[in-house]
Amino acid sequence: MFEADVGNNLYKLWNRMSSGSYMPPPVLLVEIPKADGGTRPLGIPTVSDRVAQMVVKRLLEPELERVFHPDSYGYRPHKGALDAVAITRERCWRHPWVVDLDIKAFFDTIDHDLLLKAVRHHTQNRWAIMYIERWLKADLILSDGTRRARSRGTPQGGVISPLLANLFLHYVFDCWMSRTWSDVPFARYADDAVCHCRSLEQAQRLVRSLEARFAECGLTLHPEKTRIVWCRKGEPFGGPHPEKSFDFLGYTFRLRPSRTRTGHLFMGFNPAVSRKALKAMGTTIRSWKLHRRVRLTLASLAGEMNSTLRGWIAYYGRFNIAEMHNVFRHLEQRLARWARQKYKSMRRNRTKSWAFLRTMRERTPGLFEHWRILYTGRKGSMTRAV
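Residues numbered from 1 in each chain as written. Predicted model: local features only at pLDDT ≥ 70, side-chain atom pairs only at ≥ 80, totals over all residues. Heavy atoms only, no water.

Participant: Could you give me a rundown of the nonpolar core, with the residues and numbers involved?
Facilitator: In terms of nonpolar packing, the biggest core is built from 55 residues, with Phe 246, Leu 298 and Phe 368 touching the most fellow members. With 8 residues, the single largest contributor to this core is helix H10 (residues 298–316). Excluding residues that lie within four positions of it along the chain, Leu 298 makes contacts with Leu 335, Trp 338, Phe 356, Met 360, Leu 367, Phe 368 and Trp 371. Core analysis: the second largest hydrophobic core is formed by 52 residues, Leu 64, Ile 103, Ile 132 and Ile 160 among them. (Core = buried A, V, L, I, M, F, W, Y, C linked by side-chain atoms within 4.5 Å. Buried < 20%, exposed > 50% of the residue type's maximum accessible area, 1.4 Å probe, protein only. Helix = DSSP H or I, 4+ residues; strand = E, 2+ residues; numbered from the N terminus. Contact = heavy atoms within 4.5 Å.)

Participant: An account of the side chain of Glu 369 is requested, with residue identities and associated values reported.
Facilitator: The residue Glu 369 is located in the loop between helix H12 (350–363) and helix H13 (371–374) in this model. At 3.3 Å, the side chain of Glu 369 and the side chain of Arg 310 are in polar contact. In this structure the side chain of Glu 369 is engaged in a polar contact, spanning 3.1 Å, whose partner is the side chain of Arg 372. Apart from residues lying up to four places away in sequence, Glu 369 is in contact with Asn 306, Leu 309, Arg 310 and Ile 313. (Polar contact = N/O pair within 3.5 Å; in protein donor to acceptor, adjacent residues only side chain to side chain.)

Participant: Describe in detail the sheet that holds strand S7 (residues 192–197), supporting the description with residues and values.
Facilitator: With antiparallel pairing, 4 strands are arranged side by side in an open sheet as S6-S7-S3-S8. Looking along the sheet, the strands with just one partner apiece sit at the ends: strand S6 (186–189) and strand S8 (227–230). Strand-to-strand, the axes of this sheet are offset by a mean angle of 20°, without reference to chain direction. Where S6 and S7 come together, 4 bridges link them in antiparallel fashion. Bridge assignment links Arg 188 to a residue of S7, and that residue is Ala 193. (Pairing = 2+ DSSP bridges. Axes fitted to C-alpha atoms, helices over the stretch in contact; angles between N-to-C directions.)

Functional significance is not addressed by these values, which are geometric in nature.
This is the structure we're talking about:
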C-alpha cells in the first residue's frame, strides 16, 4: 500500500518530519516463541515509521561508529557475529576462564533517561533527539487491540533500536570494562557478551562487579544464564568445575579434538554449531515435507532449498563444519524418501532411491549446496570433510 503511492507518501513524511509535527504511530507487539519455551516480544513499526527511523539512524551512525568499542560486533557496518566468534575462540586459547553474560530482558528494560543523555552527548540536533524520545515512548498495540504505554525499553524490531541499544551498552558495559577491568578482554554482540579471565577468583569478582554496575543502570544479570566456564583440559586447581562449555551466537564452545598445522592431534577449546541450532535446522527440514512434493523435480527442490542451505553453511560451517554432517544426512534421507514417493520403481526399494541420488550427484555435483560438503573424495563416498 505504501509503495502504490510511494512518492506522495514520502513527501508527506518528509513534510511532517521537517516541520516537527511527525508523531510515530503505536508499535504492534508480536510475541515470537523462543527455544526455551518463553517468548520474545518484537515491536513492529509501520512502513513509514521505518523510513523515518532510517533517516535518523543514517544521521547518527557515522558519528557513533567513531566512538564505539572495537570489540562491539552487533549490528555494525563491516562487523558481524562470525568476527565475534573468531576472536572469542582465540582468546579462549589464551585465558583459562570465561564469564558468559546474559542480561535479563535487556531491550525491555533500557532506561530512557540514561539513553537520551548518551544521545545528547553525541548530537546537538534537536529534531533527531525529539524523534528518538518519541519513538522510545510510543505506545504498544497488543494482539487484542489494546494500547499499552511504555516508560522503559526500546522495541526489538525497530530500525533504530539496535543502534540505540549499542549506544546504551557502550557506556554501561564497554567503556566501564575498559576503565575498570582493562586487563579482561571481551566480545559483545548486542546484549550477548563473553569476558576472558585469568583465574576463577577474577571471574567471580567480575560477576559481582557487573551485577552492581548493571543494577546502577537499571539492568539485571540473568542469575541462571550467567555462568563461569573452565576452558582447559583436565580440572582447574582446587577441584573440578561444573561448567566446561558455553553457547555464543549459535556456536557451542567446548573441548574438541583438533589438529596442529603439522597434523598432530590435541584437545582444543573450539566452537562448532550448537545443538539448539542443529535442532532448529532439523525442524526446518521437516517443515519442507519433501515426501509430499512429488510433483516437483529434484532441480526445483534444490532451487527452493539452496538459499537456506547456503546460509547455514556460510554461518555455521565457518568453524568445525563436520558437526553439521548429521543434519545433511537427515536431509539426504528425506530426499531418498521423496524419490521413493515420486517414482513407482523405487516405491519399496530403498537401495534404488539411494542409487538415484548418487547418480544425480555424479551428473550435477553442485545441484544441492550440501553435496559439496557432505560428499568428497570418491564418487558417492561419504567422508568427514573439515
